[in-house]
Amino acid sequence: MTAASKPNVLPTPDGVQSSIRMDDVSLVYKSGRGNVEALADLSLDLKEGEFLSVLGPSGCGKSTILKILSGLLPVTKGKVLIDGAELKGPRGDIGIVFQQPTLLAWQTNLQNVLMPVRASKRPTASDRERALKLLELVGLEEFANHYPYELSGGMQQRVGIARGLINDPRVLLMDEPFAALDAMSRETMTTELQQIWMATNRSVVFITHSIPEAVFLSNRVVTLSGRPGRVVDDLTIDLPFPRTIDTMSTQPFNEYCHHLRALFQAKEKRQQP
Ligand SMILES: Nc1ncnc2c1ncn2[C@@H]1O[C@H](COP(=O)(O)OP(=O)(O)OP(=O)(O)O)[C@@H](O)[C@H]1O
Ligand SMILES: [Mg+2]
C-alpha cells in the first residue's frame, strides 16, 4: 500500500521497524485432559498503522494469538515484542473487541466505553470527553446515556469498538467482532470499521472467517494452517483506500478472494481419504 492510497493517516516510512512482533511462538494449553498444542513456531509482525486479518480453520489458534497479544496468556516458547520490548503482561495501550460486545447491562453506554479507564482510576472530565468523541465516531453520540439493552446488536458492537479505543491503544485486537450480526449489519459495520481505522490510524489485528471481509478491510491477510497454527500464506492486499462496495466487484478484489479460497480448498482436498 502506498501512503497516497490511504488518506488521513501518517505515512509509514519504508523499512520501518515492526511495532508488534511474535517470534517463533508456541503455545501449549495444559489441562487435566492432557496438553493441546495450539500454536507452533508462529512468527508474525505487525507494522504501525497496519490492518492485518488472520484467517484459518476453526480451532487453529486464532483467538489464542489475540489472548497472547493482549498479554493475558504467556507463551510456552518464543517471544512477543512490542517496540522491541518483551511483552510480560496486560498493557493499557492494547484494546480488545470481542465477538460479543460484553457490555455491562446496568451501566450506560458512556460508562461502558469508560470501563477500561475505570479499571485503573476515576475517569476525569477529559476521559469523559474522549468517550463522547468515540461514541460520536461510531455514530452513537445520541445514545451515550442510554443502556445497552436499548441498542441493536450492531449498535452494541459499536459501543464495544469505542470501548476498545478509549485508552488510545497502539493496537486494536478484534476477535470475530461481527460474527453475531446479521448479513446486512455486518456489511455496514465492515465499511464503518474501515472508516474508524482510517480516522484513528491505529494498528488492527482482525480475526474473521469471512474471506471477502478480510480482503475488503486489510493491508495484509495471514492464513494459518490447522492446529497447531502456523502461517501458510501472507498476502498483501494492494487495493487503494477507501474501499467501497464497488471495490468488491473489481477483478483484483475477486482474485485475492479466489487465491484465499483456493488455500482452504486445497487443505480440504488433502484431508479427504
Ligand atoms: N483454555 C484452554 N484449554 C485447553 N485447550 C484450549 C483452551 N483454549 C483453547 N484451546 C484449544 O486450543 C486450540 C485453539 O483454540 P482457539 O480458540 O485459539 O481457536 P480458534 O482458531 O480461535 O477457533 P475458532 O475459529 O473456532 O474461534 C483449540 O483446539 C482449542 O480446543
Ligand atoms: Mg476463536
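To be clear, the structure that these remarks concern was listed above.
Along each chain, the written sequence defines residue order, and numbers are assigned to residues from 1. By the order in which they are written, chains take letters starting at A while ligands take numbers starting at 1. In keeping with the predicted nature of the model, local features appear solely for residues at pLDDT of at least 70, side-chain atom pairs appear and are counted solely at 80 or more, and the whole-chain, interface and lining totals rest on all residues. For side-chain calculations, the full set of non-hydrogen atoms in the structure is used, while hydrogens and water are omitted.

> Can you explain the pattern of salt bridges? Please cite residues and give values.
Whenever Lys or Arg places a side-chain nitrogen within 4 Å of a carboxyl oxygen from Asp or Glu, that contact is recorded as a salt bridge. Enumeration according to the criterion identifies 16 salt bridges in this entry. The shortest N-O distance in the salt bridge between Asp-168 and Arg-130 comes to 3.8 Å. Taken together, the positions of Asp-168 in the loop between helix H5 (153-165) and strand E7 (171-175) and Arg-130 in helix H4 (residues 125-137) put the pair 38 residues apart, joining distant regions of the chain. Salt bridges sharing common partners tie together Asp-45, Lys-47, Glu-50, Arg-220 and Asp-234. Put simply, DSSP marks the helices as runs of H or I at least four residues long and the strands as runs of E at least two long, and each gets a number from the N terminus on.

> Lay out helix H6 (residues 183-200) with the relevant residues and their values.
Residue pairs spaced three or four apart in an α-helix point in one direction, given the helix's 3.6 residues per turn. Here a helix's expected span is defined as the number of its residues, less one, multiplied by 1.5 Å. Look at H6: 26 Å from first C-alpha to last across 18 residues, which is about the 26 Å you get at 1.5 Å a residue. For H6, every residue scored as buried is listed here: Met-189, Thr-190, Leu-193, Gln-194, Ile-196, Trp-197 and Met-198. Only heavy atoms matter for contacts: two residues are in contact if any of them lie within 4.5 Å across the pair. For H6, the secondary structure elements touched by its buried residues are strand E3 (51-55), H4, H5, E7, strand E8 (203-207) and helix H7 (211-217). Throughout this description, a polar contact denotes any pair of N or O atoms lying within 3.5 Å of each other; where both atoms belong to protein, one of them has to be capable of donating a hydrogen while the other can accept it, and for residues adjacent in sequence the pair is counted only when both atoms sit in side chains. Looking at where H6 begins, the residue whose side-chain oxygen comes 3.1 Å from the main-chain nitrogen of Met-184 is Asp-182. After H6 finishes, the residue Asn-201 shows a positive phi value of roughly 60°. We call a residue buried when its accessible area falls under 20% of the maximum for its residue type, exposed when it is over 50%, and partly exposed in between, using a 1.4 Å probe and counting protein chains only.

> Help me get a handle on the side chain of Arg-163, residues and values and all.
Mapping Arg-163 onto the fold places it in helix H5. Charge counting treats Lys and Arg as positive and Asp and Glu as negative, with His and both chain ends excluded. Of the side chains with opposite charge, Asp-175 lies nearest to the buried Arg-163, which makes no salt bridge, at 12 Å. A polar atom in the side chain of Arg-163 sits 3.1 Å from the backbone oxygen of Thr-102. Those residues in contact with Arg-163 that sit more than four places away from it in its chain are Pro-101, Thr-102, Leu-103, Asn-112, Val-113, Met-115 and Pro-116.

> An account of the site of ligand 1 is requested, with residue identities and associated values reported.
Around ligand 1 lies a shell of 15 residues, among which Ser-58, Gly-59, Lys-62, Ser-63 and Thr-64 are the nearest. Ser-63 has a polar side-chain atom sitting 2.9 Å from an oxygen atom of ligand 1. Here ligand 1 has 640 Å² of accessible area as a free molecule, and 65% of this is covered by the chains. Contributions of two or more residues to the shell around ligand 1 are made by strand E2 (34-46) and helix H1 (62-69). The element best represented in the shell around ligand 1 is H1, accounting for four residues. Each residue belonging to the shell around ligand 1 can be placed in one class, and the counts come to five nonpolar, six polar and four charged. Residues are classed as near a molecule or strand on a simple rule: at least one heavy atom within 4 Å of it. Only the protein chains shown count as covering a residue, and every accessible area follows the Shrake-Rupley method with a 1.4 Å probe. Residue polarity is assigned by list, with Asp, Glu, Lys and Arg as charged and Ala, Val, Leu, Ile, Met, Phe, Trp, Tyr, Cys and Pro as nonpolar; anything else, Gly included, falls into the polar class.

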